[in-house]
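Working through the structure, step by step
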Amino acid sequence: MESSFLKLDAAEFLEIWQHFDVDDNGYIEGKELDDFFCHLLKKLGANNALTAEKVQKVKEQFMAAYDVTSDGRLQILELANMILPEDENFLLLFRRETPLDNSVEFMRIWRKYDEDSSGFISANELRNFLQDLLQQHKKQIPEAKLDEYTYAMMKIFDKNKDSRLDLNDLARILALQENFLLQFKMDASSTEERKRDFETIFAHYDVSKTGALEGPEVDGFVKDMMELVKPSISGVDLDKFRQILLNHCDVNRDGKIQKSELALCLGLKVAP
């Protein structure tokens, strides 16, 4: 199927996304999806004899081709692949060979681009992020086009409209996978079960395999822990809790959390 038939630019794509994602939940689904495909057919000149059956048939064809998650709804990248020409599809910059499934890598990115450590990503910091991504993809674009992409990204993902991105906004952009800690029973009563879970959890966040959490490893662990009790956290919240955790667990004050230190904080005895 030809995916660039509407010949849209980033700003026009933004308008379509915001128009049809009526409930602003990050998906076009249900009646939103029917309304979108009705609009699509009209754009393609199918005003005459536009029936519900025809809309459904076209929807099924396109969803089979572009709904890569097979969940019956369109994410923003899926819609972009459907209707944006490749030279305008800046959202392809965020397509990954493998999903971003570890909060440690996410927090490494966050720390790099929150250059002033404000706990937010400003428009200028987002612009730097996009510029680096474009360079990684070996794409050269005019400064005005980079400004347009930055504006579009801010408009799409800045949910509270304060002209800056928080942790949750960037998580949506990077399609961060479900919180790793959700798979564990935090109230496990068996000591052996708690030890086994602890070993798995520590290994997940100890990306550098040094036996200690440091830098973005601490950040990733803190982020996921906090989100178990507070689904929407800010960078400022994270920094506060990070310091509390370090004050409580970092016994030798080296700025890291050793495996034995974290175990002690959680009331466990484990092998170092």
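Residues numbered from 1 in each chain as written. Predicted model: local features only at pLDDT ≥ 70, side-chain atom pairs only at ≥ 80, totals over all residues. Heavy atoms only, no water.

1. Overview of the UniProt feature "domain: EF-hand" (unreviewed entry) in the chain
Basically, it comes down to this: UniProt positions are given in the numbering used here, feature names are shortened, and annotations may be inferred rather than shown by experiment. Labels follow the DSSP assignment, with helices taken as runs of H or I lasting at least four residues and strands as runs of E lasting at least two, numbered in each case from the N terminus.
Here, UniProt's "domain: EF-hand" (unreviewed entry) annotation points to residues 8–43, 101–136, 145–180, 193–228 and 236–272. Taken end to end, residues 101–136 comprises 69% helix and 6% strand; its first and last C-alpha atoms sit 20 Å apart. Between the C-alpha atoms that bound residues 145–180 there is a distance of 37 Å. The span itself is 56% helix and 6% strand.

2. A word on the environment of M82
Along the chain, M82 falls in helix α4 (residues 76–83). Between the C-alpha atom of M82 and that of A65, which follows or precedes it by 17 residues, the distance is 8.7 Å.

3. Focus: the pattern of salt bridges
Put simply, the rule is: In what follows, salt bridge is the name for a side-chain nitrogen of Lys or Arg lying within 4 Å of a carboxyl oxygen of Asp or Glu. Relative accessibility decides the category of a residue: with a 1.4 Å probe and only protein chains considered, values under 20% of the type maximum give buried, values over 50% give exposed, and everything between is partly exposed.
By the definition in use, this model includes 18 salt bridges. In this structure, the salt-bridge partner of E143 is R127, at a minimum N-O distance of 2.5 Å. Placement of the pair is E143 in helix α7 (residues 143–157) and R127 in helix α6 (residues 123–136), with a sequence separation of 16 residues. The class for E143 is partly exposed, based on a relative accessible area of 48%. Of the charged contacts, one joins K223 and E227 as a salt bridge, the two residues approaching to 3.0 Å between their closest N and O atoms.

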